[in-house]
Amino acid sequence: MFSVVVAALGGGCVAGSDPGDISNDCTQHPAVQHCAGSLCSDAAGRYQFLSTTWRGLGLPNFFPNDQDIGVQRELRRVGQRHRRPVSLNRARDQRPAV
């Protein structure tokens, strides 16, 4: 999945919410505010990281491979927070999905 997105973008760093907005400076999150009316966001990159989220990940750069690592960390973190407890009743867990 990640490689499909990379190929579509052709390298570089997505600097804003528009996939065509490519920057050659991948040393840090661009933190540029984009507004639509009264709603503003500084989301940037392949996965639209907010600058605050990006800083919290502690990654050294904003290069595409760092963004891949960042999204994997976020998915793991969010998944662990919302993980359901595993049931010891395997028969109940084997029911077909509706």
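The structure this text deals with has already been given above.
Here is what the cut-offs are and how they apply
Residue numbering note: each chain is counted from 1, following its sequence as written. Note on the predicted model: pLDDT of at least 70 is required for a residue's local features to be given, and 80 or more for side-chain atom pairs to be given and counted; whole-chain, interface and lining totals, by contrast, use all residues. Water and hydrogen atoms play no part in the side-chain values, which are based on all heavy atoms of the structure. A run of H or I in DSSP becomes a helix once it reaches four residues, and a run of E becomes a strand once it reaches two; helices and strands are each numbered from the N terminus. For every residue, the accessible area (1.4 Å probe, protein chains only) is compared with the maximum for its type, and the residue is labelled buried under 20%, exposed over 50%, or partly exposed between those bounds. By definition, residues are in contact when any of their heavy atoms lie within 4.5 Å. Accessible surface area values rest on a Shrake-Rupley calculation with a 1.4 Å probe, where residue burial reflects the displayed protein chains alone. Note on definitions: salt bridges are taken to be side-chain nitrogens of Lys or Arg within 4 Å of carboxyl oxygens of Asp or Glu. In plain words, nonpolar cores are sets of buried Ala, Val, Leu, Ile, Met, Phe, Trp, Tyr and Cys residues tied together by side-chain atoms within 4.5 Å. Here a polar contact means two N or O atoms within 3.5 Å. Within protein one must be a hydrogen donor candidate and the other an acceptor candidate, and residues neighboring in sequence count only if both atoms are side-chain atoms. What a helix should span is 1.5 Å times the count of its residues minus one.

1. Focus on the overall build of the chain
Looking only at helices and strands, the chain features 4 helices and 4 strands. Secondary structure elements of the chain, listed N to C terminal, follow the sequence α-β-β-β-β-α-α-α. The buried share among the 98 residues of the chain stands at 26%. A fraction of 36% describes how many contacts in the chain between residues 6 or more apart in sequence connect residues 24 or more apart. When the accessible surface of the chain is totalled, it reaches about 7,100 Å², and 55% of it is carbon and sulfur.

2. So, the pattern of salt bridges
By the definition in use, this model includes 2 salt bridges. When the shortest N-O distance is used, the salt bridge between Arg46 and Asp68 registers 2.7 Å. Within this pair, whereas Arg46 is found in the loop between β4 (39-41) and α2 (51-57), its partner Asp68 is found in helix α3 (residues 64-81), the two being separated by 22 residues in sequence. Both residues of the pair, Arg46 and Asp68, belong to the buried class. Note that Glu74 is salt-bridged to Arg77, the shortest N-O span being 2.9 Å. Highlighted residues: Glu74 and Arg77, both in helix α3, separated by 3 residues, approximately one helical turn. The exposure class of Glu74 is buried, given its relative accessible area of 19%.

3. Some points on the nonpolar core
Counting residues in each nonpolar core, the largest one holds 7 residues, listed as Ala44, Phe49, Trp54, Leu57, Leu59, Phe62 and Val71. Those residues within four positions of Leu59 in sequence are excluded, and the remaining contacts are Trp54, Asp66, Ile69, Gly70 and Arg73.

4. Overview of the environment of Tyr47
One can find Tyr47 in the loop between β4 and α2. The sequence separation of Tyr47 and Val71 amounts to 24 residues, and the corresponding C-alpha distance is 7.1 Å. Within the local environment of Tyr47, its side chain forms a polar contact with the side chain of Asp68, the two groups lying 2.7 Å apart.

5. With respect to α3
The end-to-end C-alpha distance of α3, which contains 18 residues, comes to 26 Å, matching closely the 26 Å that a straight helix rising 1.5 Å per residue would cover. Inspection of α3 places Pro64, Asp66, Gln67, Asp68, Gly70, Val71 and Glu74 among the buried residues, and these make up the whole buried set.

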